[in-house]
Amino acid sequence: MYDVVLLTLGSERDAPGGCGSGGACCGGATGADTGPTSQAATGSGQTDTGQVNADQAATGSDQTDTGQVNADQADSDQTDTGQCATERPRVPVLACADALNARGARVETVTARSDAEIDAVLARFDGPARPDGLTWPDADSKTRLVIATASDGQLRAVLRRLVKRYAPAPSKRPADLPGNRTLPDLPPVAVLPLDPARGGTHRDLAAQLGLPRDPAAVAAAVLDGTPRRLDLLRNDGGSVTLDGALLGAADDAGRPLHWRARVEVDDTILTDGSEPLLACAVGNAGGYATLNDVTLLTAPDPADGQVEVAVAVPVVVRSAWGRKRVRLEVRRARGRAVSVLPREGRVPYLDDGVESELTRKRSWWVEPGAWAVWSI
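Predicted, not measured: the structure shown is a model, and the values here were computed from it. (Residues numbered from 1 in each chain as written. Predicted model: local features only at pLDDT ≥ 70, side-chain atom pairs only at ≥ 80, totals over all residues. Heavy atoms only, no water.)

A. Just the pairing of strand 8 (residues 244-247), in detail. In strand 8, alternate side chains face the same way, and those of Gly-244 and Leu-246 on one face and Ala-245 and Leu-247 on the other are all buried. With four bridges connecting them, strand 8 and strand 11 (residues 279-283) associate as antiparallel partners. Paired with Leu-246 across the two strands is Ala-281, which belongs to strand 11. Sheet analysis places strand 8 next to strand 17 (residues 347-351), joined by three bridges and oriented antiparallel. Bridging from a neighbouring strand, Leu-246 pairs with Leu-350 of strand 17. (Buried < 20%, exposed > 50% of the residue type's maximum accessible area, 1.4 Å probe, protein only. Helix = DSSP H or I, 4+ residues; strand = E, 2+ residues; numbered from the N terminus. Pairing = 2+ DSSP bridges.)

B. Structural detail: helix 5 (residues 215-224). Taken as a whole, helix 5 has its buried residues at Pro-215, Val-218, Ala-219, Ala-221, Val-222 and Leu-223. Elements that come into contact with the buried residues of helix 5 comprise strand 1 (3-8), helix 1 (91-102), strand 4 (143-149), strand 5 (189-193) and strand 19 (362-375). Put simply, Asp-214 is the residue that caps the front of helix 5, since its side-chain oxygen is 3.1 Å from the backbone nitrogen of Ala-216. (Contact = heavy atoms within 4.5 Å. Polar contact = N/O pair within 3.5 Å; in protein donor to acceptor, adjacent residues only side chain to side chain.)

C. Broad picture of the packing of helix 1 against helix 5. Packing of helix 1 against helix 5 brings their axes to within 8 Å, and their N-to-C directions diverge by 45 degrees. Relative to helix 5, the element helix 1 lies oblique. In the packing of helix 1 onto helix 5, the handedness of the crossing is right-handed. Taking contact as the criterion, the partners of Pro-92, Ala-95, Cys-96, Ala-99 and Leu-100 in helix 1 are, on helix 5, Pro-215, Ala-216, Val-218, Ala-219, Val-222 and Leu-223. Its residues placed into classes, the contact of helix 1 with helix 5 shows 11 nonpolar, no polar and no charged. (Axes fitted to C-alpha atoms, helices over the stretch in contact; angles between N-to-C directions. Parallel < 35°, antiparallel > 145°, perpendicular 65-115°, else oblique. Left-handed = near helix turned anticlockwise from the far one by under 90°. Nonpolar A, V, L, I, M, F, W, Y, C, P; charged D, E, K, R; others polar.)

D. Structural view of the layout of surface pockets. Here the second largest pocket defines a volume of roughly 400 Å³. For the lining of the second largest pocket, a count of residues per class yields 11 nonpolar, two polar and seven charged. (1 Å grid on protein atoms, 1.4 Å probe; cavity = no way out; pocket = protein on both sides within 12 Å on 5 of 7 lines; lining within 4 Å. Points joined across faces, edges and corners; volume = space filled by probe spheres on them.)

E. Structural view of the packing of aromatic side chains. Inspection of every chain in the model, using the stated rule, returns one aromatic pair. The interplanar angle of 90 degrees and the centroid separation of 6.5 Å between the aromatic rings of Tyr-349 and Trp-364 together place this pair among those described as edge-to-face. Of this pair, Tyr-349 sits in strand 17 while Trp-364 is found in strand 19, placing the two residues 15 residues apart along the sequence. Of the two residues examined, Tyr-349 and Trp-364, each falls in the buried class. Positioned above the aromatic ring of Trp-136, the side-chain terminus of Arg-130 is 4.3 Å from the ring centre. Lying over the aromatic face of Trp-374, Arg-144 brings its terminal NZ or CZ to 3.8 Å of the ring centre. (Phe/Tyr/Trp six-rings, centres within 6.5 Å; stacked < 30°, edge-to-face > 60°. Lys NZ or Arg CZ within 6 Å of the ring centre and 35° of its normal.)

F. Layout of the pattern of salt bridges. For the coordinates displayed, the defined rule picks out 20 salt bridges. Residue Asp-119 pairs with Arg-161 through a salt bridge whose shortest N-O separation is 2.7 Å. Of this pair, Asp-119 sits in helix 2 (residues 115-122) while Arg-161 sits in helix 3 (residues 152-166), placing them 42 residues apart in sequence. The exposure classification of Asp-119 matches that of Arg-161, with both residues buried. Look at the salt bridges and you will find they share partners, linking Asp-115, Asp-119 and Arg-161 into a network. (Salt bridge = Lys/Arg side-chain N within 4 Å of Asp/Glu carboxyl O.)

G. Examining the nonpolar core more closely. Judged by nonpolar contacts, the single largest core of 35 residues is most densely connected at Leu-7, Leu-145, Leu-155, Leu-159, Leu-186, Leu-232 and Trp-371. Sorting the residues of this core by element identifies strand 1, helix 2, strand 4, helix 3, strand 5, helix 4 (205-208), strand 6 (226-235) and strand 19 as the ones contributing at least two each. With seven residues, the top contributor of residues to this core is helix 3. Setting aside chain neighbours within four positions, we find Leu-159 in contact with Leu-186, Val-240, Leu-242 and Trp-371. Ala-245, Val-265, Val-282 and Val-347 belong to the second largest nonpolar core, which has 23 residues in total. (Core = buried A, V, L, I, M, F, W, Y, C linked by side-chain atoms within 4.5 Å.)

In structure tokens, the structure reads:
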């Protein structure tokens, strides 16, 4: 029978600001986006153009996320231990533990208050020592991990630590690493949503993937399920993206603000930075596929090995009577990598629900099938 670790990072209920929701908590970060840039994998992107009314323009919200590391390394963000602890496991965690115990699993509940405590849990998934000295996950591990999440940002915080643990430096790239990846297959995780209501109007990643939300069903997936491998987006700020990112903002009255940036998907330029933008969506999954009834992404798929990107550009057109109108033109492309280079000021954005500000070039690239969830 399996050993199962139920890992909790805290919750939005217990920590105002929320771990992974903009506060420096359990893998979250604060401060301006200062990560360096580098080249990522390239391929070929296809473009698609559509038009919708400008009155349905995009909005976003200000956020911060820092990185000071190389593109082939994971982040080393510091955590705020004062906000991350829940003194007692929440009811879904206890219910999941009971269901696992009833099946004979050996269960341990852990509340991580820092990255170091997350790392201590993840160390249990290390494989045998390798001749090249790399730390590698154990493909035959009898330990399974359940991550209790109050937000997608919390799930991302754990995946980010997994990447940091197992991604080799470019100079130590082993021969057995897939050619289209910078890290090995990460250990599968089970997701235990702490708020069942998030399966309704708020489409978190668990809802998008059709993962169980009931604690007993999550326990069944852990013990009886199979790993479902999914794409991971790494970025040159040292972090990862599971769902997607939405760039843009609105003023206090809800009116979208214009900003400029050069956006490239592989060898396709969606905008060169000379024209105003209202929004840019970077989609691994579909969390940011639509915004205010505007379709940004048409078919984001977290298992197709590609990232879908869209920019919303206001375009002035003249009617047959000579009157000027503004339409929102949506340009789309798909590929293996995307870069966004702001032309002026700071660009607020959401990344897996975590607030951040982009001040310099940021690149995301796809790691096909790099992580996995337990599912039935």
